[in-house]
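# Structural characterization, general
The primary structure of each chain is shown beneath.
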Amino acid sequence: MNDVFALQPLIHDALICVAAPTLVISPPDGQLGSRSGDGLYVDDVRLLRVLRLSVDGRDPEPIRAHLEQPGQARFLAVVRYPNEATQDPALVVERVRRADATVDEVTIRNTGRRRRTLRVDLTAGTDLADISDVKAGRTLPPLPALPQPGGLRWSSPDTAAVLATTPPPQAVDPAAGLLTWEVTLGPGESWSLGVTVSLDAAAGRPQRILPYPSEDVWSRPSIDCDNERLAVLIERSLADLDALLVSHQRTPNDPFLAAGGPWFLTLFGRDSLWAARMLLPLGTRLAEGTLRTLAAWQGRRYDRSTEEAPGKIPHEVRRAAIRPGEDLRLPPVYYGSIDATPLFVTVLAEAWRWGMPEAEVSALLPAAERALAWMRADGDPDDDGFLEYARPDGQGLLNQGWKDSTDAIQFADGELARPPVALAEVQAYAFEAAMNGADLLDAFGRPDGDRWREWAERLRSRFRQRYWVEDRYGAYPAIALDAEKRPVDGVGSNMAHLLGTGLLNDAEAALVARRLASEDLNSGWGLRTLGARSARFNPLGYHTGSVWPHDTAIAVLGLAREGLGETAAALLRGLLAAAPWFDYRLPELYGGEQRMPGRAPVPYPAACRPQAWSAAAGVLLLQAVLGLSADAPAGELTITPLTPFPFRHLQVRGLRVAGERLDLEVDATGSVRLLSAPAHLRLTTTSDIASTA
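None of the values given here were measured: they were computed from a predicted structure.

This part is about the sheet that holds strand β22 (residues 316-317). Across the sheet, three strands lie side by side as β21-β22-β25; this open sheet has antiparallel pairing. Taken across any chain shown, the strands that pair with only one partner, and hence form the sheet edges, are β21 (267-268) and β25 (333-334). Pairing geometry for β22 and β25, over two bridges, is antiparallel. Following the sheet pairing, Val317 is matched in β25 by Val333.

Next comes the structure, spelled out in C-alpha cells:
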C-alpha cells in the first residue's frame, strides 16, 4: 500500500450512478481507471477499478456524457480514421452504464461509408479496495486476474469479483486483463457488447446492505409552481432518494436511506434520521423503518473501543472497520455520535404525530426511554445539564456532531475547541427530545413525562445563561462550550438549528435570524457553516465556510416556525438558485463563496452526490413554505404558509397525512385552498382558507 501521495479523490465532475448498495464512479469519458476514485462498488468494496475500451488501438473520443437516471449514465464517443472521404466520424461508440449487475452495454455503429474489420479491446482490473481506502487516497496494488469462462475473476481473502461478457471474448490475456474481439461492420451496421461484474457467491461474503423498492415507502407529490425550480428539485431529489433506499440484512423489511454515495452508502444514525424526518409529509413508512433499524443496533453495554453505551444510537454501521485517516480507525459498528440519540426520540414523536400507527410507536417506546435515559446519564458525564462528547483514549472521531471534521468547532480567532465539547444545536435537540419524549410517555400511559419537561426547562434556562455571547454586531449563541466551559464564540450555522425547537424566546430567535441573514453567514447560495469574518474561514472548508443544503433547509424550516419569513425566503431562494448548477442533484456540500452576478456556485471537489439529507431537503423546504405540521393523535392539521409568501402560485398534490392524501394550493397572498384533505383532521391556518374537498 502506497500512502506517500494519499489525497482524497476529486469527484466533482464524475458521473456517479447509484442503485444502493451498488454505485459506479465514472470520469466524463466513461473510461474507468484514469482517476483514483473510478470504479464499480458493491457494499463498500470496489469490484472493478479499470474498464477501458479501445477500437483498433484508439480510445474513442468523448462527445457527450450525462446521467439519464440516478443509476444510469450514457456516454457517446466517436472513432475517426485518417483519409476518410469527409471529416465526419467513422464510428460512434455508445456506452450505457448501470449501477447494478450490468456495468456496460456497448454499441459500436459504423456511420462511415467503408466496410471495416475492427479489433475491439477491453482492459479490466481491480484491487478489491475498501471504500474507506479509496476515500483516504490509499493506493492498493492491482490483483492478478484469472481466466473465467466468458471473462475474468479476481479474488482476495474475503471477496471475489467476476467479469463476464456477451458475446464471450475471442481471446483472453489474463496477465494484462485484456479481452479481445474481431468485428466486421458494413456501413450502417452495429455490434453490441454486454459487460457484467458481480460478487462471486462462492467467496462466501453475504451482502450486508440490500436494495429496497420505494413504491410504498413515500408518496410522489406533483407540484405546480411559478418557480419551476422547486418542482424540478423535488422530482429529481425523490429519484435520487429511490436510489439510496436500502435495508440491512439484520432487519430486511425495514427501509432506511443510506447516507450518500460514494463515501457513505450505509446506515448513519444522524443522517438517516434527519432524512426520514424531512420526508414525513410524504408518509411515515421511512421513519418507521429507520427507527426500527436503529433500535436493532441501539447500545446495550459499555464498550470504549466502539463508544457504545446503553441507550445510545449508533453513528454508522459498516461492513468492516474503516480508516478515515492514518491515525484514525473506526470499528464496523461505531457509536461516536452525540446527536443521533436525541434525534431518535424526536423522529419517533414526529412520526407519531404524522400518523405512524400507534402499535408501531408503542413497540419503539422502550428504545425511546433508553435513549432518554442515555441523555441524562452517559450523554452528560459531568452532570452539568448539557450533552457533551469526548472520544475515549484519543480514539474515534474528535468531533461528534454533524460537523465532525477535526477543525469544525472553533473560536472566532481560529482557536480549536478542546473536548469535552457541548454543541449548541445538540442542546436544542436534547430539549426537543425531552419535550417530545414527555408527550409520548404521557400519551402511552408511561411515567416521568413531567420530570422530562422539568429537565427541559432547566436546560433552556442554563443555555440562556451560558451560551449567549456578543461581538460588535450584537448578541448570538456560541457554537459550543469547550472543556473549560468557555463559550466557543465562532459564528456558525449551528445557531440555525436552535430555531423552531422551543429553546429560544421570540427576541432570541430574532437575533439569530439577523445573523443568518447577514453576508457573514448567508452566501447567497445558502447558509455558510462558518462566518466569512472568522479567522479560519475557508469557502471550500468541509465545515469551515462551505454550504450544506440540508443545513440551510433546516434553517428555513426553523425560521418559518418562528414566523421569520423574510429571512427564510432569502435562504430558500439561495438554494433554488444553486440547484440548476448541479443539475438539481444538490450535493452533500458546495463552496461558500459570495454569490455574484454571472458566477456559479463552486463545487466541493469530493462531495457525495447523491446525499440523502441534501435530496430530502427539497421536501423540507416545501414543508416550510406551506407551514405544514400535523398532530394526528389530537386530530389536528396546521397549514400556515410562509409570510411573505415567496411564490405567486403553488399547488401541491399527493402529500400524505395519517395515511390519507392532502392536496392544496396557495396564492401570492398566502391564502390556502384545500383540494382534498383527511376528513378526520381539524384544519388550522393563519391565512384565508377555502375548500373544495
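Still to come is the rest of the account.
Take the pattern of salt bridges next. Inspection of the entire model under this criterion finds 49 salt bridges. The partner of Arg80 in a salt bridge is Glu61, with the nearest N and O atoms 2.9 Å apart. One end of the pair, Arg80, is in the loop between β7 (72-79) and β8 (91-98); the other, Glu61, is in strand β6 (residues 61-69), and 19 residues separate them in sequence. Accessibility expressed as a relative area gives 42% for Arg80, which makes it partly exposed. Notably, a salt bridge pairs Arg673 with Glu665, separated by 2.8 Å at the nearest N-O pair. Here the salt bridges share partners, and the residues they tie into one network are Asp43, Asp44, Arg208, Glu316 and Arg318.

Turning our eyes to something else, we now look at the packing of aromatic side chains. This model, assessed by the stated rule, comprises 13 aromatic pairs. Residues Phe386 and Tyr467 carry aromatic rings whose centres are separated by 5.3 Å and whose planes lie at 80° to one another, so their mutual orientation is edge-to-face. Of this pair, Phe386 sits in the loop between α6 (358-376) and β26 (422-423) while Tyr467 is found in the loop between α8 (449-466) and β27 (468-471), placing the two residues 81 residues apart along the sequence. Of the residues examined, Tyr467 reaches a relative accessible area of 0% and is grouped as buried. Each ring, one from Trp402 and one from Trp548, has its centre 5.1 Å from the other, and the planes form 70°; the classification is edge-to-face. With Trp402 in the loop between α6 and β26 and Trp548 in the loop between α9 (506-517) and α10 (549-561), the pair connects residues that are 146 residues apart, well separated along the chain. Of the two residues, Trp402 and Trp548, both sit in the buried class. Members of the aromatic cluster, each reached through a chain of ring pairs, are Trp402, Tyr542, Trp548, Tyr604 and Trp613. Here Arg250 stacks its cationic end above the ring of Trp297, 3.6 Å away from the centre of that ring.

The rules behind these values
Residues numbered from 1 in each chain as written. Predicted model: local features only at pLDDT ≥ 70, side-chain atom pairs only at ≥ 80, totals over all residues. Heavy atoms only, no water. Pairing = 2+ DSSP bridges. Helix = DSSP H or I, 4+ residues; strand = E, 2+ residues; numbered from the N terminus. Salt bridge = Lys/Arg side-chain N within 4 Å of Asp/Glu carboxyl O. Buried < 20%, exposed > 50% of the residue type's maximum accessible area, 1.4 Å probe, protein only. Phe/Tyr/Trp six-rings, centres within 6.5 Å; stacked < 30°, edge-to-face > 60°. Lys NZ or Arg CZ within 6 Å of the ring centre and 35° of its normal.

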